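Residue-level structure breakdown
Each chain, letter by letter, is given below.
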Amino acid sequence: MSPQAVTDSGGWKQPLFDSLNRVEISRAALHYNFRFCRARAGDAAVMAMVKTDGYGHGLVECARIFAGEGAAAFGVAEVAEGIALREAGLEQPVFVLAGLLPGMIPALLQYNLTPVVVDRLILPELSRQAQRSGGEVGLHLKVDAGMGRQGCLPAAVPGLVREIEALPALRLDGIMAHFPMTDDLDPANTRQVFDRFTDMIQDLADDVDIVLTGCCFHIANSGGLLRYSMTRLDMVRPGIALYGYYPEGEPGRTGAGPEALQPAMRFVTRIIQVRNVPAGTALGYGRTFTTGRATTLAVLPVGYANGYLRSLSNRAEVLVCGQRAPVVGRVSMNLTLVDVTDVEGPVEWGGEAVLLGRQGDETITADELASWMDTISYEVLCLFGNLNRRYYLD
Ligand SMILES: *Cc1c(COP(=O)(O)O)cnc(C)c1O
């Protein structure tokens, strides 16, 4: 992917003309959510997770907002995203979290991105190229303290730390881990993973051969930050909370009080046809729904190509005239049918229908969509935000 492909104005969709589908991003909500997280971070620095185009909210737009609110660093998945942040003029440390291969080292160094190292394999080449470029690279080590995904096991850390210290032009700036279950209301696993991480830190501190001054320790994601304040350590890495959702979904929101997080994304489409069909009409591909009565349908120009997945067929609801209306029949690539017979109208050709967010007194949340799609809010936001044109509201 060329760096130019990562943009703040709609991902790969650069239409010459407005789309019927609008993903609206509230800048005010992003500001508010960052402050909400910062207030809970205490003395810890805040690394704003802006990977995957800011969870669908726009990499550069979000990073600018969070930088203005005091973000100390940014977390991205790939080097290409880091380059886009640099080209946009952002100067904070940018952590490349989801993997590095040797071919990426020149760009990593050129754009001054922070490598997150998961084992020893990249170290010699990183050292060689850093030396050649005449600088020193500060890196962070990723430990698998119970996530069981990426990184090195705690037992391997002392050896790796020594190896980093022994190689020229490398500097260990931090050690991180990641929680697997902060979205679970049972704290047992989070405590266990946190203990494993802090035990490892203690072992390093007790090792006379290892100097840890200036080393930044960080483990807390949104769930850690919001529900387990002891996990904040030197830096916190909220993602989903910045975009207005609780990692545990609706239970977080219910217990969250009046100053709760504010969802930043809204997904609005337009009604492109209103039609009446008789009872007994089979609707759409596969004829999965047959009308049991004379029915008024609203046709929407949205489908799985827009991230409105096929799994929403015959399950989801949409807001029309501020009221809930069920999706009937299969969601297809670009079209979805909604039964608006019971909606107090007028339901009009060209009128707005809201797939995510508020209309009138009703709201559909990403958590609700996630329950219909059998997934989590994160996936809903990434799909909607990255597959549709985004518009920023103040
Ligand atoms: C994505 C990610 C986060 C943020 O997680 P949220 O649950 O969205 O807060 C934090 N740390 C790492 C390493 C991540 O990959």
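Residues numbered from 1 in each chain as written. Predicted model: local features only at pLDDT ≥ 70, side-chain atom pairs only at ≥ 80, totals over all residues. Heavy atoms only, no water.

1. Quick word on the overall build of the protein chain
When helices and strands are tallied, the protein chain shows twelve helices and 20 strands. Whereas a compact globule of 394 residues would reach a radius of gyration of roughly 21 Å, the protein chain reaches 24 Å, a difference of no more than 12%. Projecting the C-alpha coordinates of the protein chain onto the three principal axes gives extents of approximately 80 × 45 × 40 Å. For the protein chain, with 394 residues in total, the buried portion stands at 51%. In the protein chain, the proportion of contacts linking residues at least 24 apart, taken out of those at least 6 apart, comes to 66%. Element-wise, carbon and sulfur atoms account for 51% of the exposed surface of the protein chain, whose accessible area totals about 16,900 Å². Of the charged side chains in the protein chain, 34 are positive and 44 negative, and the gap between their average positions amounts to 5 Å. (Helix = DSSP H or I, 4+ residues; strand = E, 2+ residues; numbered from the N terminus. Rg over C-alpha atoms; globule rule 2.2 N^0.38 Å. Buried < 20%, exposed > 50% of the residue type's maximum accessible area, 1.4 Å probe, protein only. Contact = heavy atoms within 4.5 Å. Areas by Shrake-Rupley, 256 points an atom, 1.4 Å probe, with all protein chains shown as cover. Lys, Arg positive; Asp, Glu negative; His and termini not counted. Charge placed at Lys NZ, Arg CZ, Asp CG, Glu CD.)

2. A look at the side chain of S313
Assignment of secondary structure puts S313 in the loop between β14 (295-300) and β15 (317-320). Among the polar contacts made by the side chain of S313, one reaches the main-chain carbonyl oxygen of R310 at a distance of 2.6 Å. With residues up to four places along the chain from it excluded, the contact list for S313 reads V327, G329, R330 and V331. (Polar contact = N/O pair within 3.5 Å; in protein donor to acceptor, adjacent residues only side chain to side chain.)

3. Considering the domain arrangement of the protein chain
Interfaces are often described in size by the accessible area the parts lose on coming together. Structurally, the protein chain comprises domain 1 (41-259) and domain 2 (265-393). On a C-alpha basis, the centres of domain 1 and domain 2 stand 38 Å from each other. At the junction of the two partners, domain 1 supplies 13 residues and domain 2 supplies 14 residues. Taken over both partners, the interface formed by domain 1 and domain 2 buries close to 1,300 Å², and the fraction arising from carbon and sulfur atoms is 58%. It is G56, H57 and Y245 in domain 1 that bury the most area against domain 2; as a group they hold 40% of the surface buried on that side. The tally of links between domain 1 and domain 2 comes to one salt bridge. The partner of R390 in a salt bridge is D53, and the shortest N-O contact between them spans 3.2 Å. Our count for the contact surface shared by domain 1 and domain 2 stands at five residue pairs in polar contact (both at pLDDT 80 or more). A breakdown of the residues in the side of domain 1 that touches domain 2 according to their chemical character gives five nonpolar, five polar and three charged. (Domains from an automatic or database assignment. Buried area = accessible area lost by both parts, 1.4 Å probe. Salt bridge = Lys/Arg side-chain N within 4 Å of Asp/Glu carboxyl O. Nonpolar A, V, L, I, M, F, W, Y, C, P; charged D, E, K, R; others polar.)

4. Observations regarding the sheet that holds strand β9 (residues 235-236)
Pairing is parallel around the closed barrel formed by eight strands, whose spatial order is β2-β3-β4-β5-β6-β7-β8-β9. Examined bridge by bridge, strand β2 (residues 45-49) and strand β3 (residues 73-76) share three bridges and lie parallel to one another. Opposite M49, over in β3, you have G75 as the bridge partner. Contacting β7 (170-176) and β8 (216-220), helix α8 (residues 188-206) runs over the sheet at an angle of about 170° to β8. (Pairing = 2+ DSSP bridges. Axes fitted to C-alpha atoms, helices over the stretch in contact; angles between N-to-C directions.)

5. Points about the pattern of salt bridges
Applying the stated criterion to the full structure yields 20 salt bridges. When the shortest N-O distance is used, the salt bridge between R22 and E24 registers 3.2 Å. Classification of R22 as partly exposed rests on a relative accessible area of 24%. A residue is classified by how much of its surface remains accessible, and E24, at 9% relative accessible area, is buried. Counted as one network, the salt bridges with shared partners bring together E317, R324, E362 and E368.

6. Structural notes on the packing of helix α1 (residues 27-41) against helix α3 (residues 59-68)
Axis separation between α1 and α3 bottoms out at 9 Å; the angle between their running directions is 50°. Judged by the inter-axis angle, α1 sits oblique to α3. Between α1 and α3 the crossing geometry is right-handed. Residues R27, L30, H31 and F34 of α1 pack against E61, C62, I65 and F66 of α3. Across the contact of α1 with α3, the residue classes tally to five nonpolar, one polar and two charged. (Parallel < 35°, antiparallel > 145°, perpendicular 65-115°, else oblique. Left-handed = near helix turned anticlockwise from the far one by under 90°.)

7. A closer look at unusual backbone geometry
With an omega of 10°, the peptide bond running from G345 to P346 counts as cis. For T52, which is not a glycine, the phi torsion comes out positive at approximately 50°. Position of T52 relative to the elements: it lies in helix α2 (residues 51-55). Residue class for T52 comes out partly exposed when judged on its relative accessible area of 37%. Unlike most non-glycine residues, D53 shows phi in positive territory, near 50°. The residue D53 is located in helix α2 in this model.

8. Thoughts on the environment of T281
Of note, T281 is situated in the loop between β11 (273-277) and β12 (282-283). Sequence separation between T281 and R358 is 77 residues, and the spatial gap between their C-alpha atoms is 31 Å. If we ignore the near neighbours within four places in the chain, the residues touching T281 are F289, T290 and T291. In this structure the side chain of T281 is engaged in a polar contact, spanning 2.6 Å, whose partner is the backbone oxygen of P278.

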